[in-house]
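Analysis of the macromolecular model
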2 protein chains.
Amino acid sequence: MTVISELVAALAPEKVLTDPDVTDSYARDRTFLEPGRPLAVVLAHTRDDVVAVMRWATEHRVPVVPRGAGTGLAGGATAVEGCVVLALHKMTAIRELSPADETAVVEPGVITADLDRAAREHGLMYAPDPSSYEISTIGGNLATNAGGLRCVKYGVTRDSAMGLEVVLADGRVINTGRRTVKGVTGYDLTGLFVGSEGTLGVITAATVRLRRAPSVYPATIAAEFTSLRDAASAVSAIIAAGCQPSLMEMLDRNTLKAIDDWRNIGLEDSTRAMLIAQSDAVDGPAVSERMAELCTANGAAFVAVSSSAQEAEELIGVRRMAYQAKERLGKCLVEDVCVPRSLLPDMIEKIEAIAVKYDVLITTVAHAGDGNLHPVFIFDHALTEPPPQVWAAADELFRETLRMGGTLTGEHGVGLLKRRWLALETGPVTEEIHHGIKRVFDPLGILNPGKAI
Amino acid sequence: MTVISELVAALAPEKVLTDPDVTDSYARDRTFLEPGRPLAVVLAHTRDDVVAVMRWATEHRVPVVPRGAGTGLAGGATAVEGCVVLALHKMTAIRELSPADETAVVEPGVITADLDRAAREHGLMYAPDPSSYEISTIGGNLATNAGGLRCVKYGVTRDSAMGLEVVLADGRVINTGRRTVKGVTGYDLTGLFVGSEGTLGVITAATVRLRRAPSVYPATIAAEFTSLRDAASAVSAIIAAGCQPSLMEMLDRNTLKAIDDWRNIGLEDSTRAMLIAQSDAVDGPAVSERMAELCTANGAAFVAVSSSAQEAEELIGVRRMAYQAKERLGKCLVEDVCVPRSLLPDMIEKIEAIAVKYDVLITTVAHAGDGNLHPVFIFDHALTEPPPQVWAAADELFRETLRMGGTLTGEHGVGLLKRRWLALETGPVTEEIHHGIKRVFDPLGILNPGKAI
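Here the structure is a predicted model, which is why all the values come from computation and not from measurement.

Each value, and the rule that gives it
- Residues numbered from 1 in each chain as written.
- Chains lettered and ligands numbered in written order.
- Predicted model: local features only at pLDDT ≥ 70, side-chain atom pairs only at ≥ 80, totals over all residues.
- Heavy atoms only, no water.
- Buried < 20%, exposed > 50% of the residue type's maximum accessible area, 1.4 Å probe, protein only.
- Helix = DSSP H or I, 4+ residues; strand = E, 2+ residues; numbered from the N terminus.
- Pairing = 2+ DSSP bridges.
- Salt bridge = Lys/Arg side-chain N within 4 Å of Asp/Glu carboxyl O.
- Contact = heavy atoms within 4.5 Å.
- Expected span 1.5 Å × (residues − 1).
- Polar contact = N/O pair within 3.5 Å; in protein donor to acceptor, adjacent residues only side chain to side chain.
- Axes fitted to C-alpha atoms, helices over the stretch in contact; angles between N-to-C directions.
- Least-squares fit on C-alpha atoms with pLDDT ≥ 70 in both.
- Phe/Tyr/Trp six-rings, centres within 6.5 Å; stacked < 30°, edge-to-face > 60°.
- Lys NZ or Arg CZ within 6 Å of the ring centre and 35° of its normal.
- Domains from an automatic or database assignment.
- UniProt positions renumbered as here; feature names shortened; annotations may be inferred.

Some details on the pairing of strand S4 (residues 84–87) of chain A
All names here are of chain A. Across the two faces of S4 the burial is the same, with Val-84 and Leu-86 and Val-85 and Ala-87 all buried. Here four bridges tie strand S2 (residues 40–43) to S4, and the two strands are oriented parallel to one another. The partner of Ala-40 across the bridge, within S4, is Val-84. Pairing analysis gives four bridges linking strand S3 (residues 64–67) to S4, with the strands arranged parallel. Residue Val-64 lies in a different strand from S4, and its bridge partner there is Val-84.

What follows is the structure in structure tokens.
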């Protein structure tokens, strides 16, 4: 019996794909990274399927790359040569949803927005909302500790993860964490698995925290500034005034220009930045008026304030166009640095200087309230990977970020893409600890090898 | 040179205490647990002192028990025989406080309430507020992942910990986490150290998140119920209505009776439970009226609503008397179970049944919004430790908690006190992982041996 036929026997033939044309479509994420060739793709339907794969993989020392929807931006789910891609998108059960406890137990293949919609039927919400939330899975969100636009008020994915069911590298199953809001028994394994990019175990279910859904549409403002520093001052003023925005995004001129070229938003020549902020509080309209005043007081040239749900949707719509507008300009290397919020304007100015120095087009959107920036390095559609000047520019960006006390990745993960800079942030002792922890969970090194750490 | 004289030489004579009368006072926490005799107590003033202790301890294989203020309730800081107690309460610097980034960098000996007060000078707050916050240290709070009364709105200590400076068992220093709100580089070592009860490393500084301080006094209600189920229904109704209380405490009849016997609060014979709730929102008075209505609608016999800061203080004052009132009745075994919030009334009824079955006086206060209960088993002042029927009652409590999907400890930690029940919650595979992680950080097993895991 071949190694693969043993896998087929342990599962079912239709769950094991080996046709290279098919497996190739499961080998990539949203990056340009060229994957290795998978031995097979397994479509797991149940936890027991995952157990069977991991037992088999341990027996035969086959690397396993867990995969959600493949919407990752760092190469975390990129196939490695000779691996099994363990696709979890068929595990879509919401096993439980308890309005009384404000919790849900979900499988990894549940689409993020589907969980949010299921919660809203009970007046609740699932807060984490990565930009990909209509197509990304909860499992992928957990693996990368995904952020999103609402993080500024509600925190990241880890803040909503209470407990996990995890299949270990050898096929054993553990339950981490709990179903309660608080709990301090044992080490925080839940937090450890979240963000570990499939290198420590395969998450087959999660108990997540739900929150009360806002009862009103998010009151929204969009402010245009002729100076980045003014826009950043407005951000600080809004935070300092205790407005608690539920979203606060900043778009630089290059981003606005890309959107304007595509959809004509009437961009003024003098506009250097746009700030879009929302409040989902009960007194949201009053808060949004206050935020608008603070923008004006900090030099905004123009501020629009929504007076209806539809207007709010139109104002935030500009932000939603950003990524597609950029993709029209070329291939994108999407970065994800995060700095202390007060250094946001310094970082944006640094990015502009880097763009000039290396003659690279960089467009930047920032989750301004979090200090999390997405500089997108745009390069020729015809190239398969970024040219040297883009890598050089990215290298300078990362080093500058770390000098400012920031981090390489706010919400996308290290994956493959940021591994070569990882040691600059963590240092050798932490690296040694990371690998020590990895060995505790995965002594054979078969779980998503070469990623994250 | 003796082992201790080497330690003295590495530090300074006044930092190393060896007089048994003195060291004994550093050997205990707030439990009744009888400690081992420490070899010495080190009063660390700097990170370098901690480094020196850990290098020396590694060289000589001496166990080290890190200690904050000794306010723990689970024996986490109880000295073990022949150890060095590493006292961190002299490391009291607030190294930085950034209003713009809403962060502070603090040393472990800072008193929790002192950090909160320092933050309030800038319109900010440090949210975690264990009941001991006027005497507990940040280091101890981090080691136990301490909870508190405001958790129901602001989360536990881990939710405020962004990054740590940690001295490892061998004296090497690492920095975990970051100074930014978001960040996903590497495994979540910050979360792992928080709640690890000094078994993985010694925290010598923490970057913590501050939040905007409420601009108003917390509008407060106190409601009396003739039925526990009614009180619990009111809790659920308040949560479901989206009131977002900043505190929600339930006191059972035994607790109220203990307070009434001491301070005469005019307790009615029919009162079975009191619910105290606060809102620190801008519209707190309106929210508190709404919470009062919901109490009435769910059968409250009487509801008081504060109309001034002083009245609010008086209403919450009853809760503050609870622990002292109990200590008058006897020695206390303080427990800390946590159940899914919807099972709070079931748990309270179970506790009442256990009290009858084992003929033990149990008084219970609950952080009702979190499902976190503090049943206090009261026994004779003359005894040095709980009599068998108290342990039997506690044993049944723990098993019942786990059957309900709860956890042994919501916020106090496992320490020594709950170790014998630990495996019931974690299971053998997770235990194996805990010990594997422990070995990565502390291969010689010198850090707080016998605790937490």
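Once the structure has been displayed, the description carries forward.
A short note on the pattern of salt bridges
With the rule as written, the count across this model stands at 72 salt bridges over all chains. For the salt bridge of Arg341(A) with Glu102(B), the shortest nitrogen-to-oxygen distance reads 3.6 Å. Of this pair, Arg341(A) sits in the loop between strand S16 (331–334) and helix H13 (344–358) while Glu102(B) sits in the loop between strand S5 (94–98) and strand S6 (103–106), on two different chains. A relative accessible area of 11% places Glu102(B) in the buried class.

Some thoughts on the environment of Ile348(B)
All names here are of chain B. In this structure, Ile-348 sits in helix H13 (residues 344–358). Overall, the relative accessible area of 5% leaves Ile-348 in the buried class. Residue contacts for Ile-348: discarding those within four places in its chain leaves Leu-228, Met-250 and Leu-373.

Re helix H8 (residues 228–240) of chain B
For H8(B), built from 13 residues, the straight-helix expectation of 18 Å at 1.5 Å per residue is met to within 8% by its first-to-last C-alpha distance of 18 Å. Within H8(B), the full set of buried residues consists of Leu228(B), Ala231(B), Ala232(B), Ala234(B), Val235(B), Ala237(B), Ile238(B) and Ile239(B). Structurally, H8(B) contributes buried residues whose contacts are with strand S11 (211–212) of chain A together with strand S12 (219–225), strand S13 (247–252), strand S14 (273–279), helix H10 (284–297) and H13 of chain B. For H8(B), the N-terminal capping position is held by Ser227(B), with its side-chain oxygen 3.2 Å away from the main-chain nitrogen of Arg229(B). Looking one or two residues past H8(B), Gly242(B) carries a phi angle of roughly 75°, positive in sign.

A closer look at the sheet that holds S16(A)
Residues and elements named next belong to chain A. Read from one edge to the other, the open sheet built from seven strands follows the order S15-S12-S14-S13-S17-S18-S16, with strand pairing classed as antiparallel. The sheet terminates laterally at strand S15 (302–305) and S16, the two strands that pair on one side only. Across the sheet, the mean angle separating the axes of adjacent strands is 15° when strand polarity is ignored. Pairing geometry for strand S13 (residues 247–252) and strand S17 (residues 361–367), over three bridges, is antiparallel. Bridged to Leu-251 within S17 is Val-365. The strands touched by helix H8 (residues 228–240) are strand S12 (219–225), S13 and strand S14 (273–279); relative to S13, the strand with the most contacts, the crossing angle is about 175°. Each of S13, S14 and S17 touches helix H9 (residues 253–263); the most contacted strand, S13, lies at about 80° to it.

Side note on the sheet that holds S3(A)
Residues and elements named next belong to chain A. The four strands lie next to each other as S1-S2-S4-S3, forming an open sheet whose pairing is mixed. Bordering the open sheet on either side are strand S1 (16–17) and S3, each of which pairs with just one other strand. The strands touched by helix H3 (residues 47–60) are S2, S3 and S4; relative to S4, the strand with the most contacts, the crossing angle is about 165°.

Quick notes on the relation of the copies chain B and chain A
Mapping chain B onto chain A calls for a rotation angle of 180° and an axial translation of 0.0 Å; the resulting RMSD is 0.0 Å. Given the turn and translation reported, the copies of this chain are related as if by a two-fold rotation axis. In this assembly, 99% of the residues forming the interface of chain B have copies in chain A that are likewise at the interface, indicating an isologous arrangement.

Regarding the side chain of Glu107(B)
Residues and elements named next belong to chain B. In this structure, Glu-107 sits in the loop between S6 and helix H4 (112–120). Residue Glu-107 is classed as buried on the basis of its relative accessible area, which comes to 11%. Aside from chain neighbours lying at most four places away, what touches Glu-107 is Met-91, Thr-92, Ala-93, Arg-95, Ile-138, Thr-204 and Ala-205.

Details of the environment of Arg403(A)
All names here are of chain A. Mapped onto the elements of the fold, Arg-403 is located in helix H14 (residues 388–403). The class of Arg-403 is exposed, set by a relative accessible area of 60%. Residues Arg-403 and Val-339, 64 residues apart in the sequence, show an inter-C-alpha distance of 9.7 Å.

As for the packing of aromatic side chains
Within this structure, the stated rule accounts for 10 aromatic pairs over all chains. Taken together, the ring pairs in this structure connect Phe32(A), Phe379(A), Trp391(A), Phe398(A) and Trp421(A) into an aromatic cluster. The cationic tip of Arg420(A) hangs over the ring face of Trp391(A); the distance from NZ or CZ to the ring centre is 4.4 Å. The ring of Trp262(B) carries Arg263(B) above its face, with NZ or CZ at 4.1 Å from the centroid.

What to know about the domain arrangement of chain A
In terms of domains, chain A is made up of domain 1 (3–87), domain 2 (94–212), domain 3 (219–321) and domain 4 (330–403). Measuring from the centre of the C-alpha atoms in domain 1 of chain A to the corresponding centre in domain 3 of chain A gives 43 Å.

Describing unusual backbone geometry
With the exception of glycine, most residues fall at negative phi, and the peptide bonds are largely trans. The backbone phi angle of Asn145(A) is positive, close to 50°, even though this residue is not glycine. Its location among the elements puts Asn145(A) in the loop between helix H5 (138–144) and helix H6 (151–154). What makes Asn145(A) buried here is its relative accessible area of 2%. You will see that Glu197(B), though not glycine, has its phi angle at about 55°, which is positive. Tracing the backbone shows Glu197(B) in the loop between helix H7 (189–193) and strand S10 (202–209).

Side note on the UniProt feature "domain: FAD-binding PCMH-type" (unreviewed entry) in chain A
Sites flagged by UniProt as "domain: FAD-binding PCMH-type" (unreviewed entry) map to residues 34–213 of chain A. Helix makes up 22% of residues 34–213 of chain A and strand 25%, with an end-to-end C-alpha separation of 41 Å.

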